[in-house]
Amino acid sequence: MLSRPEHLHHFPTLTSIQAPRAAVAVGWMLGIGTLLAVLILLYVPWVQTSAGTGRVMAPNPADRVQAITALVQGRVEHWYVEDGQRVRAGDPIARLVDNDPFLLQRLAAEREQIEAEIAAAEQAVKVAESQVSQTREAAEKGFVTRRNFETAQILVAERRARLAEAKAKLSRLEVTVNRQSAQLVRAPRDGRILHINAATGGTLVNAGDTLANLAPHAPARVVELMVDGRDVALIRPGQPVRLAFEGWPAVQFSGWPSVAHGMFDGRVRAVDPSAQQTGRFRVLVEQDPGKPAWPDAEFIPLGAKVRGFIQMETVSIGYELWRILNNFPLEFRAPNPGTT
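Keep in mind the model is a prediction, meaning the values are calculated, not measured. (Residues numbered from 1 in each chain as written. Predicted model: local features only at pLDDT ≥ 70, side-chain atom pairs only at ≥ 80, totals over all residues. Heavy atoms only, no water.)

Novice: For this particular structure, what's the right way to read the packing of aromatic side chains?
Specialist: Two aromatic rings are characterised by how far apart their centres lie and by the angle between their planes. Scanning the model with the defined rule gives six aromatic pairs in all. Here the aromatic rings of tryptophan 248 and phenylalanine 264 are separated by 5.6 Å at their centres, their planes lie at 65°, and the arrangement is edge-to-face. Of the two residues, tryptophan 248 sits in the loop between strand 11 (240-245) and strand 12 (264-271) while phenylalanine 264 sits in strand 12, which places them 16 residues apart along the sequence. When its relative accessible area of 33% is taken as the criterion, tryptophan 248 is described as partly exposed. A relative accessible area of 12% means that phenylalanine 264 is categorised as buried. Each ring, one from tryptophan 322 and one from phenylalanine 328, has its centre 5.1 Å from the other, and the planes form 80°; the classification is edge-to-face. Of the residues examined, tryptophan 322 reaches a relative accessible area of 42% and is grouped as partly exposed. Accessibility expressed as a relative area gives 34% for phenylalanine 328, which makes it partly exposed. Members of the aromatic cluster, each reached through a chain of ring pairs, are Phe245, Trp248, Phe264, Trp294 and Phe299. (Phe/Tyr/Trp six-rings, centres within 6.5 Å; stacked < 30°, edge-to-face > 60°. Helix = DSSP H or I, 4+ residues; strand = E, 2+ residues; numbered from the N terminus. Buried < 20%, exposed > 50% of the residue type's maximum accessible area, 1.4 Å probe, protein only.)

In structure tokens form, the structure reads like this:
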């Protein structure tokens, strides 16, 4: 068969056949596209990320939702607040009254009686001490025996013991009076009343029962992310994190952080050394002081859901695809020999 180019003139029909322009264009496009894809896979960088979901929380227990409890046993006589109302530290929340309306009066009468006992005991101690002094002088002169002097000393000790017992009784009574007088429950700090748990009037409450819940105002916030255990060994404090808050519009490109919109910056604050019951590890993320601040607590309150991307090493797109297809862990940077 003739196959050399100089023999093609023997086949005029074959010579007249030309490839369609569309096919040529598609061929060039496929060739150039394949070349560009290879270059992109080899040279375009991709930032590896460890993704996790979590929520906004307060690291300080004083900034979390607090239960306002009853200080004494009684019933709620009056509420000074409503659900959702803002309060300041020291504002009254509720007033309690004892089941016995005459309890404070009886305690006051009992206090007067104990104070009278203390006065009588103090007078008795003074009289006994004077008798001891007189008995000592008489014993030195030989008018009485040594036994009479010792008996006078024992009497002084007994009178002092009665005085101490009366004072202890008064102290216990004052504690009871102070507890019963602490019937006005106040807000421990600025915040908002979330839920009132007791009705006005006939509801009987015990000391320690929850009257209402208070959400503190402007708490310090962090984000807790739950990440896979395969990635937690590579996460270190200080690593940058990109956050997408629930309800906040965002467009995320995990491998190209500079292209993302609506994301907020953070950094790893701490990593829990043990796993949660779900098998995932908790990573605490705080605001990055050198980046724009997170939205206010009015827009991103405590408990709001968050999706975070902890930024790891930078690799090529081809390597990242190969890693994902083989289900390999993230790239691990070997420590420098000079570091410990």
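Novice: Explanation requested: the pairing of strand 14 (residues 305-316) in the structure shown.
Specialist: Successive side chains on a regular strand alternate, one facing one side of the sheet and the next facing the other. Summarising burial for strand 14: nine of the twelve residues are buried, a large majority. Strand direction decides the pairing type here: strand 11 and strand 14, joined by five bridges, are antiparallel. Residue pairing in the sheet places arginine 242 in a bridge with phenylalanine 309 of strand 14. (Pairing = 2+ DSSP bridges.)

Novice: Got a minute to help me understand the sheet that holds strand 8 (residues 204-205) in this structure?
Specialist: Whenever strands of a sheet pair, they do so through backbone hydrogen bonds, lying parallel or antiparallel. Ordered by their spatial adjacency, four strands build an open sheet running 6-5-3-8, and the pairing between neighbours is antiparallel. Because the sheet does not close on itself, it has two edges, and the strands there are strand 6 (184-186) and strand 8. Note: strand 5 (residues 92-97) against strand 6, three bridges, orientation antiparallel. Looking across to strand 6, one finds that alanine 94 is bridged to valine 185.

Novice: What am I meant to see in the pattern of salt bridges here?
Specialist: Opposite charge on two side chains permits them to pair, given that their charged atoms come into close proximity. Following the criterion strictly, the structure yields seven salt bridges and no others. Residues glutamate 224 and arginine 282 are paired through a salt bridge, measuring 3.3 Å at the closest nitrogen-oxygen approach. One end of the pair, glutamate 224, is in strand 10 (residues 222-227); the other, arginine 282, is in strand 13 (residues 281-287), with 58 residues separating them in the sequence. Residue class for glutamate 224 comes out buried when judged on its relative accessible area of 7%. (Salt bridge = Lys/Arg side-chain N within 4 Å of Asp/Glu carboxyl O.)

Novice: How do you make sense of the nonpolar core when you look at a structure like this?
Specialist: For soluble globular proteins, nonpolar side chains are generally found buried alongside one another. The biggest cluster of nonpolar side chains holds 22 residues, and the ones touching the most others in it are Val223, Leu225, Val227, Leu243, Phe245 and Ile310. Those elements that place two or more of their residues in this core are strand 10, strand 11, strand 12, strand 13 and strand 14. Those residues in contact with valine 223, other than ones at most four positions away along the chain, are Arg55, Val56, Leu243, Phe245, Val283, Leu284, Val285, Trp294 and Val306. (Core = buried A, V, L, I, M, F, W, Y, C linked by side-chain atoms within 4.5 Å. Contact = heavy atoms within 4.5 Å.)

By themselves, these observations are geometric and do not establish any function.
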